[in-house]
Amino acid sequence: MEEDSNHWHKGGGYLVLLVVAIFLFFGWRIGLADKGVVETDGEETAVSSPISSQQNPDGATAFSSDQAPLYDFSTGDLPVFNDTGLAPQPNPHTYEGKLPHHEFETYTVERGDTPGTIAEQFGIAVETLLGGNARLSQETTLLQPGDVLIILPIDAVLHEVQPGDTLESVSEQYDIPVEDIIAYTDNNLEFPYRLYPETNIMVPGAKREVVIWQPPTVSSSGGSGLGGGIAPKIVGTGTFQFPVNNRNFTQFYWYGHPAIDIALGEGNAVFASDTGTVTYAGWNTWGYGNLIVINHGNGYDTIYAHLSGINVVPGQIVYKGNVIGYTGNTGNSSGPHIHFEIRIGGNPDDPCWYLGCG
Ligand SMILES: [Zn+2]
């Protein structure tokens with residue numbers, strides 16, 4: 001009996017100790033919360049966060065996602081925190097920038113105009129025509145009578161502001177000092193020089209970069225293995241012939257267009273301009289549609305775009321005048337025509353210089 005009774009007393013003692021321990025523990029937790037201590041990992045946050053945000057409104061506590069259940073977002077009432085510890089400092093100098101204000105002369109394209117003649121007429125560089133009309137470098141936009149072009153008053157690029165653009169990023173993009181962009185008064189740029197998407201700013205002295213597609217690199221080891229390209233198997237004559245039996249030029253070579261375009265109905269024969277090795281024959285996602293590239297083994301490549309049909313395969317040798325495909329209207333093309341490029345050392349050159357377009 002005594003043993004049992006002792007045992008009971010001992011057990012009761014342990015129980016009291018346990019209750020005291022629990023009180024001590026929670027007391028300590030509340031104390032922590034009052035000091036603004038934030039724990040972000042696991043269950044501990046669930047215990048301390050409600051306490052800190054309800055009982056300690058001006059403590060330096062951080063908000064965690066664990067606090068969200070305290071508020072009923074479904075009512076549409078947003079939680080109001082009195083805690084200003086993390087609130088952005090109010091800015092007494094509210095900035096309202098001015099938007100750029102441009103007034104540009106326009107020109108309506110007439111039959112027979114070329115980018116060169118239009119630029120000359122207005123005393124600007126031909127690059128500036130592209131500077132004011134970015135779409136002119138796109139193959140879809142031929143210089144058609146009736147097209148309205150923006151004529152910039154000075155040699156410059158009219159830059160369409162993209163989200164994330166800053167004065168510095170635009171300055172770097174065109175390699176033009178920020179001072180020059182600020183100095184152009186119609187840009188309306190005032191400190192702190194904020195740029196607004198969907199507006200345009202003038203970048204004086206800049207040239208719009210024309211990005212050109214590059215054919216696959218040619219391997220000197222031969223074969224057409226994965227990633228290897230195709231080595232030239234034959235050397236061309238060094239002279240070139242027209243790729244089609246037609247001279248209806250719709251666009252010549254200029255800064256914004258590294259080719260000549262010749263309008264011609266679908267299905268007309270396209271000839272190899274010189275002897276060479278086919279290095280590309282197929283669909284091209286750049287906008288060329290069905291495309292053939294011939295490497296002439298002497299530094300020259302010729303490019304034939306927007307085809308309706310292709311007669312050759314990569315690696316095939318073709319001779320000057322061979323029918324390699326048929327004219328079409330594939331890719332970024334606004335009507336059946338062939339887009340023909342001559343490149344030397346990878347750089348576009350004026351095909352008319354070789355063919356004589358006059
Ligand atoms: Zn073209």
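Because the structure is a prediction, the values reported are computed rather than measured. (Residues numbered from 1 in each chain as written. Predicted model: local features only at pLDDT ≥ 70, side-chain atom pairs only at ≥ 80, totals over all residues.)

A. Structural context of the nonpolar core. Ranked by internal contacts, the top residues of the largest apolar core, which has 31 residues, are Leu291, Ile292, Tyr304, Ile338 and Phe340. The set of elements that each furnish at least two residues to this core consists of helix H4 (126-132), strand S6 (260-263), strand S8 (276-284), strand S9 (289-295), strand S10 (300-307) and strand S14 (337-344). Each of domain 2 (105-204) and domain 3 (249-355) gives at least three residues to this core. Apart from the residues within four sequence positions on either side, leucine 291 is in contact with Tyr280, Gly282, Asn284, Ile303, Tyr304, Ala305 and Leu307. Counting residues in each nonpolar core, the second largest holds 13 residues, with Leu152, Leu158, Val170 and Tyr174 among its members. (Core = buried A, V, L, I, M, F, W, Y, C linked by C-beta atoms within 7 Å. Buried ≥ 20, exposed ≤ 12 C-beta atoms within 10 Å, placed from the backbone. Helix = DSSP H or I, 4+ residues; strand = E, 2+ residues; numbered from the N terminus. Domains from an automatic or database assignment. Contact = placed C-beta atoms within 7 Å.)

B. Representation of the sheet that holds strand S11 (residues 309-310). Spatially, the 3 strands line up as an open sheet ordered S7-S13-S11, and their pairing is antiparallel. A strand with exactly one partner marks an edge of an open sheet, and here the two such strands are strand S7 (269-271) and S11. (Pairing = 2+ DSSP bridges.)

C. Representation of the pairing of S10 within the structure. The buried fraction of S10 is high, at 8 of 8 residues. Two strands pair when backbone bridges link them, and S9 and S10 are joined in this way by 5 bridges, in the antiparallel orientation. Paired with asparagine 290 across the bridge in S10 is leucine 307. Note that S10 and S14 share 6 bridges and pair antiparallel. Bridge pairing in S14 places aspartate 301 opposite arginine 343.

D. Representation of unusual backbone geometry within the structure. In the segment running from phenylalanine 191 into proline 192, the intervening peptide bond is cis, with an omega of 5°. Here asparagine 188, not a glycine, exhibits a phi torsion of approximately 55°, which is positive. Locating asparagine 188 in the fold gives a position in the loop between helix H6 (178-183) and strand S4 (200-204). Judged by the 14 C-beta atoms lying within 10 Å of it, asparagine 188 falls in the partly exposed class. One non-glycine residue, glutamate 198, lies in the positive phi region at around 70°. Looking at where glutamate 198 falls in the secondary structure, it is placed in the loop between H6 and S4.

E. Seen up close, the confidence of the model for the chain. Residue-level pLDDT values for the chain average 79, and 69% of them are 70 or greater. Taken as a whole, residues 30-76 scores under 50 in pLDDT and shows 45 contacts with residues more than four places along the chain or in a different chain. Low pLDDT, under 50, characterises residues 221-228; the stretch is placed with 8 contacts to residues that sit more than four places away or in other chains. (pLDDT = per-residue confidence, 0-100.)

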